[in-house]
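Architecture and fold: a report
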Amino acid sequence: MPTNGVEPPALSVNEQSEVLQTESTQATRIKKAFEKFPFIEGTFDASEEIGSLKKLSGTERKQKLWQIKTKLARQREAWAQCRITIEQEIEIDPQIRKDDLYSVLHTFAIPYGFTEPQIRIGEAFIDAFDAKRNQINDLRDQVPNDTELVKRLTGVTDPIQIVSVAVSPYAFVIRTDDATYGKIWEQQSTIIYPNYPRFAFAGETRDSESTPFVVINQDSMNTYQDDAFEGFVSHELEHEKEKIVQRILFKSDMDDYARISTELFYLFTNAEDRLEQERYLREYLRCHMDHALLAVRSEFFAIKSEKSLTGSSFNVFFLQDGGPYDYLFFLREWADKPENHQWQAICKKILVDEYTTIIKKAIDAFWSLQKVGYSAQEVIRVLVDAPVRRWPADARRIIEAKLYDYDDDAFLKAEVARFFEPTRQAFCRESSYLQ
Ligand SMILES: [Zn+2]
């Protein structure tokens, strides 16, 4: 399609066949994805459809509700598949044109009736990805020397040893020796943890560009099996994808977090009576907990998307060791001070008990979806739009719609429960792997 009235230059025969080949293989991949899920007719906006239920009564209403549920689940699967396909296309050709990614999105959007907001989210992901990729490519072109590039990215000025620097679509991937790895970590982190990640971490430049990079400790890699490197890279790159997603989906939560927590703390310290104080304290702690759950989500997805086992474990969320995954450490420490004695019980209830329960239930939900046949990657993209707290309800709905018939409520309830129950065992197995 010519843009701005300028005709594109004619392609040579070779170029034409190359384009055709790329298109046909992409088309085949999309067709394969389509085969998994039946199409939905027209745009399907669940909230609008639910509004139309009011006019109906009895069996009609129940039947319509069931239709909405199954369509919603199908649309969600297709939406996940669309995003997986976009990521696959990026992996196959990291230099893929932005327009080609848009066309993948729009090819899915029509048959599965994606709503306008869904399409906007998809486009925003592609735009953000494209901007980061271009930024990475431009910087690589500007600084061809590896050592210079790493110094520029990390701000380390001491002599450093670089094994290699690779360009991935989501971040630079830097391999270093142990000493350099330590220097970069110290430069990056604002808090020095007693036991920082020994193998790999994701960072970004401190300028307004925030160019992302991943650092892999090559010396520590030697103690692992050969394919560990791939596992660590896939883990860290998933964090980069998640950063893009969170900026799009949870932007207002993230922007408002500091302001709201400060306001709530002010209200708590200035409250008139104990009851009011208690109420503000709860809100204040939950505000921090929700923020921590975004970090849990990112770590959780990263662990689940490892291409080979790295030894990462969900146990890190429950350790309370002041390490890099103990996101609520600073608040618990505050609560432990003698002057906060009267609030310690509330803090423990929210920051330990409630927090742990939410994470355990989220892990169960993830597992329940894997048990009905989704791959880990599919579950990540099915759940990607929802905060961790909502995963159990969402998983339950998807399983109900996927597996059972609408007119047998008792059977349905029992069966769905069956899928959730044994996951506790599964969770224990998974959480203890390679501990
Ligand atoms: Zn991680």
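**So, the overall build of the protein chain**
- From N to C terminus, the protein chain includes 17 helices and four strands.
- For the protein chain, with 435 residues in total, the buried portion stands at 29%.

**Side note on the packing of helix H13 (residues 344-371) against helix H14 (residues 376-383)**
- Interaxial distance between H13 and H14 falls to 9 Å at its minimum, and their mutual angle equals 125°. Put simply, H13 runs oblique to H14. Of the two possible hands of crossing, H13 and H14 adopt the one that is right-handed. Facing Phe366, Leu369 and Gln370 of H13, the residues of H14 in contact are Ala376, Val379 and Val382.
- By residue class, the composition of the contact of H13 with H14 is five nonpolar, one polar and no charged.

**Section: the environment of Glu240**
- Tracing the backbone shows Glu240 in helix H9 (residues 228-249).
- Residue contacts for Glu240: discarding those within four places in its chain leaves Tyr170, Ala171, Ala202 and Pro212.

**Thoughts on the sheet that holds strand S4 (residues 212-217)**
- Strand order in the open sheet formed by four strands is S1-S2-S4-S3, and the pairing between neighbours is mixed. The open sheet has two free edges, formed respectively by strand S1 (162-167) and strand S3 (200-204), since each of these has just one partner strand. The sheet shows a mean angle of 20° between the axes of neighbouring strands, direction not considered.
- Bridge analysis of S1 against strand S2 (residues 172-176) gives five bridges, and the strand direction is antiparallel. Note on S2: the bridge partner recorded for Ile162 is Thr176.
- Sheet strands in contact with helix H6 (residues 146-154) are S1, S2, S3 and S4, and its direction is about 75° off that of S1.

**Looking at the confidence of the model for the protein chain**
- When pLDDT is averaged along the protein chain, the result is 82, and 84% of the positions lie at 70 or above.
- In this model residues 1-9 is a low-confidence stretch, pLDDT under 50, and it forms two contacts with partners more than four residues away in sequence or in other chains.
- Note that pLDDT drops below 50 for residues 421-435; the model gives that stretch 19 contacts with residues more than four away or on any other chain.

About the criteria used
- Residues numbered from 1 in each chain as written.
- Predicted model: local features only at pLDDT ≥ 70, side-chain atom pairs only at ≥ 80, totals over all residues.
- Helix = DSSP H or I, 4+ residues; strand = E, 2+ residues; numbered from the N terminus.
- Buried ≥ 20, exposed ≤ 12 C-beta atoms within 10 Å, placed from the backbone.
- Axes fitted to C-alpha atoms, helices over the stretch in contact; angles between N-to-C directions.
- Parallel < 35°, antiparallel > 145°, perpendicular 65-115°, else oblique.
- Left-handed = near helix turned anticlockwise from the far one by under 90°.
- Contact = placed C-beta atoms within 7 Å.
- Nonpolar A, V, L, I, M, F, W, Y, C, P; charged D, E, K, R; others polar.
- Pairing = 2+ DSSP bridges.
- pLDDT = per-residue confidence, 0-100.

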